[in-house]
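The chain contents come next:
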Amino acid sequence: MPLTAENLRVRCAEEMSHHPRGFNGCGWLRDAFLTVPREHFVPDRVWWPARGEDGRYRLYDRVRQPRAWLKAVYLPGVPLITQIDDGSVAPTGPADGAFTSSISAPGAVVELLRHLAPEPGHTVLEIGTGTGYTTALLAHRAGADHVTTLEIDARLAHHARTRLHALGLRPHAITGDGEHGHPPRAPYDRILATASVRTVPPAWLDQLRPGGLLLAPLDTPFGHDLLLRLEADGVGQAHGRFVAPVEFMRTRAQRTPRPYADLGWPPDVTRDQWQHLHVTVGPAGQRIRHALAP
Ligand SMILES: C[S@@+](CC[C@H](N)C(=O)[O-])C[C@H]1O[C@@H](n2cnc3c(N)ncnc32)[C@H](O)[C@@H]1O
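Residues numbered from 1 in each chain as written. Predicted model: local features only at pLDDT ≥ 70, side-chain atom pairs only at ≥ 80, totals over all residues. Heavy atoms only, no water.

Going by an unreviewed UniProt entry, the protein carries the name Protein-L-isoaspartate O-methyltransferase and comes from Streptomyces rimosus subsp. rimosus. In its Sequence similarities (unreviewed entry) section, UniProt records this for the protein: "Belongs to the methyltransferase superfamily. L-isoaspartyl/D-aspartyl protein methyltransferase family." Within the UniProt record for the protein, the comment given under Subcellular location (unreviewed entry) is "Cytoplasm". (UniProt positions renumbered as here; feature names shortened; annotations may be inferred.)

As structure tokens, this is what we get:
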């Protein structure tokens, strides 16, 4: 089979179809994945997300290594790093530093969107546009005009808009701090954060329609994030559970660790209990408790 983007996309979709955390029978999501050209959203130079033998992150260059670059784009479990240290490191060679933007792995994006379950015509708010790839999948499902996406980094936001426009997609792609949401287009049926938080920002709840769903990676005491799925109850609170272990980079304002007791976590919680935790978020803040606790 020749190494083309189309062939790799089909192969990647096949691999994810057989994975329990993949499409899991979700037909619209498979269609969206096969329709949106992921390679269009990946910058020409990206870093591999694990350290090489020299302790640095290897660079993949589309011009110099077109085959390796394209293969990396379609590996189901691999995110590609598009920014280090808020853009202060130029993508000119192997590098070290903190990851501050990426194109999430195909498998991670599919898992997010499957749990988000957007429907045609839903109003959707995405926090963390990054490359614009997830935005394009959302636009495919909900309709571009129903999608609002916020990116805090002006340069990334500009490139994402350019890539989306080149495909004829014109969602409301805005440069700004996603922790404030975007009131002019609220309420939203769905809110998706593709950057993780330690506490759910109150603005997201305020802007979620009653019965609407919010999906966000939440920092936990377990050494990784968990994907939180909350439903708005229409009287000021949202309730839900964790649906999957994930790993995302933090929103800019929530990078500094805080004591978990201050973030609503019970003191005696253990890693194996994550599927039995119940989360409530409301005006009084965030509260996480064992599902059977009073
Ligand atoms: C994992 S990347 C998003 C990947 C993206 N969904 C994609 O498909 O390419 C997380 C993004 O969140 C952005 N971000 C961090 N804090 C933010 C904030 N407060 N508001 C909006 N975007 C933020 C980062 O700049 C980064 O681009």
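Once the structure has been displayed, the description carries forward.
A. A look at the site of the ligand. Around the ligand sit 25 residues in total, of which S101, T131, T134, E151 and G178 are the nearest. Here an oxygen atom of the ligand sits 2.7 Å away from a polar atom, N or O, in the side chain of S101. Side-chain polar atom of T134 to an oxygen atom of the ligand: 2.8 Å apart, as the coordinates give it. Contributing elements (two or more residues each) for the shell around the ligand: β4 (99-103), β5 (124-127), α5 (133-142) and β6 (147-151). Among the elements that take part in the shell around the ligand, β4 stands out by supplying four residues, more than any other. Looking at the shell around the ligand residue by residue, the classes come out as seven nonpolar, 13 polar and five charged. Each of domain 1 (5-103) and domain 2 (106-290) accounts for three or more of the residues forming the shell around the ligand. (Near = heavy atom within 4 Å. Polar contact = N/O pair within 3.5 Å; in protein donor to acceptor, adjacent residues only side chain to side chain. Helix = DSSP H or I, 4+ residues; strand = E, 2+ residues; numbered from the N terminus. Nonpolar A, V, L, I, M, F, W, Y, C, P; charged D, E, K, R; others polar. Domains from an automatic or database assignment.)

B. Structural detail: the packing of helix α4 (residues 106-116) against α5. Packing of α4 against α5 leaves a shortest axis separation of 11 Å and a crossing angle of 35 degrees. For the crossing formed where α4 meets α5, the hand is right-handed. Only Y133, T134, L137 and L138 of α5 make contact with α4, whose side of the interface consists of V109, L113 and L116. In terms of residue class, the contact of α4 with α5 is made up of six nonpolar, one polar and no charged. (Axes fitted to C-alpha atoms, helices over the stretch in contact; angles between N-to-C directions. Left-handed = near helix turned anticlockwise from the far one by under 90°. Contact = heavy atoms within 4.5 Å.)

C. A look at the pairing of strand β2 (residues 57-61). Counting buried residues in β2 gives four out of five residues, a clear majority hidden from the surface. By the bridge criterion, four bridges tie strand β1 (residues 45-51) to β2 in an arrangement that is antiparallel. If you follow W47 over to β2, its bridge partner there is L59. (Buried < 20%, exposed > 50% of the residue type's maximum accessible area, 1.4 Å probe, protein only. Pairing = 2+ DSSP bridges.)

D. Geometry of the packing of helix α2 (residues 27-35) against α5. The N-to-C vectors of α2 and α5 enclose an angle of 125 degrees; their axes lie 10 Å apart at closest approach. As the angle between them shows, α2 and α5 are arranged oblique. As α2 packs across α5, the resulting crossing turns out to be right-handed. Contacts from W28, D31, A32, F33 and T35 in α2 reach Y133, L137, H140 and R141 in α5. Of the residues belonging to the contact of α2 with α5, the class tally is five nonpolar, two polar and two charged. (Parallel < 35°, antiparallel > 145°, perpendicular 65-115°, else oblique.)

E. Broad picture of the domain arrangement of the protein. For the protein, the assigned domains read domain 1 (5-103) and domain 2 (106-290). Centre-to-centre, using C-alpha coordinates, domain 1 lies 21 Å away from domain 2. Of the residues lining the interface, 32 residues belong to domain 1; the matching set on domain 2 comes to 27 residues. Both sides together, the interface formed by domain 1 and domain 2 hides about 2600 Å², and carbon and sulfur atoms give 66% of it. Taken together, the connections running from domain 1 to domain 2 amount to three salt bridges. Across the pair D86 and R252 runs a salt bridge, and its minimum N-O distance is 3.5 Å. Elements supplying a minimum of two residues to the side of domain 1 that touches domain 2: α1 (5-17), α2, β3 (80-84) and β4. (Buried area = accessible area lost by both parts, 1.4 Å probe. Salt bridge = Lys/Arg side-chain N within 4 Å of Asp/Glu carboxyl O.)

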